[in-house]
Amino acid sequence: MTIKKHVPNSLTALNLISGMAGIYFVLEGQITFGAYFIFAAAFFDFFDGFAARLLNVSGEMGKQMDSLADLVTFGVLPSFIIFKMLESSSPEPYLPFIGFAIGVMSAFRLAKFNIDTRQTDRFIGVPTPATALLLSTLPFLAEKSETASNVIYNPVFLVVLTLVMSYLLVAELPLIALKFKSFGLEGNVFRYLVILIAVASLLFAGLAGIPFIIISYIVLSMIERLVQSDGKI
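Now for a quick tour of the structure. (Residues numbered from 1 in each chain as written. Predicted model: local features only at pLDDT ≥ 70, side-chain atom pairs only at ≥ 80, totals over all residues. Heavy atoms only, no water.)

This part covers the overall build of the chain. Per the secondary structure count, the chain includes 10 helices and 0 strands. Seen in sequence order, the chain has helices and strands lined up from the N terminus as α-α-α-α-α-α-α-α-α-α. Taking 233 residues into account, the globule formula puts the C-alpha radius of gyration at 17 Å, and the chain, at 18 Å, falls close to it. Taking all 233 residues of the chain together, 42% fall into the buried category. Sequence separation of 24 or more characterises 74% of the internal contacts of the chain that already satisfy a separation of 6 or more. Counting every atom, the chain has about 12,400 Å² of accessible surface; 70% of that belongs to carbon and sulfur. Measuring between centres, the 15 positive side-chain charges of the chain sit 10 Å from its 16 negative side-chain charges. (Helix = DSSP H or I, 4+ residues; strand = E, 2+ residues; numbered from the N terminus. Rg over C-alpha atoms; globule rule 2.2 N^0.38 Å. Buried < 20%, exposed > 50% of the residue type's maximum accessible area, 1.4 Å probe, protein only. Contact = heavy atoms within 4.5 Å. Areas by Shrake-Rupley, 256 points an atom, 1.4 Å probe, with all protein chains shown as cover. Lys, Arg positive; Asp, Glu negative; His and termini not counted. Charge placed at Lys NZ, Arg CZ, Asp CG, Glu CD.)

So, on to the environment of glycine 22. On the secondary structure map, glycine 22 appears in helix α1 (residues 6-27). Those residues in contact with glycine 22, other than ones at most four positions away along the chain, are Gly34, Phe37 and Leu77.

Moving on to the packing of helix α2 (residues 31-55) against helix α5 (residues 128-136). In helix packing, the relevant descriptors are the interaxial angle and the interaxial distance, both defined with respect to the helix axes. Interhelical geometry of α2 versus α5 gives an angle of 160° and a closest axis separation of 9 Å. Taken together, α2 and α5 sit at an angle that is classed as roughly antiparallel. In this structure, α2 crosses over α5, and the sense of that crossing is left-handed. Across the interface between the two elements, Ala35, Ile38, Phe39 and Asp45 of α2 pack against Pro129, Ala132, Leu133 and Ser136 of α5. Of the residues belonging to the contact of α2 with α5, the class tally is 6 nonpolar, 1 polar and 1 charged. (Axes fitted to C-alpha atoms, helices over the stretch in contact; angles between N-to-C directions. Parallel < 35°, antiparallel > 145°, perpendicular 65-115°, else oblique. Left-handed = near helix turned anticlockwise from the far one by under 90°. Nonpolar A, V, L, I, M, F, W, Y, C, P; charged D, E, K, R; others polar.)

See below:
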């Protein structure tokens, strides 16, 4: 086996290590620091697939390894972030375990993705990295103001958001594909709106803007589905 065949799996392993390290720091009470490992994992997750295509060494083992790593990093890690947030905001001892729903539904999401042949040009259901990024950046948003903190650390808000995102992981919701066949406005209105909102959110709020990006992406996908009749908008 040549060295190049190990490159994508090595990047996947770094994804997995990032997830495990993030879980450790979250359980130690360092939620925001633990959340940074999701960004690191997302970086490795992108480049393992990129490397596999570039080196032409993609295979079934790499696909399964990628899903297993994603489950830890984008499923289990955000579950513990929600767990610790609920633990710090609610006196109910069992309420924090609702956060585990993210990990469970992420497993279903990843298994479904592996066997769903429809998801070649767009996702159906919210991808696990998007869900993880939304949930993990909530503490950054809470740091922006006392009002934001009061809302985000409200147990009702956290429980509802957790259940909604758990459902959206496996929902039959086609999401906007950020793949441009042309760069004209026709057929690309919603794609450009997603990009515009993403740039504006990051410029004005930094990491705290990521929840707005993910939520806007989901909402715009729903609107696109409602108004799209002939495949062009």
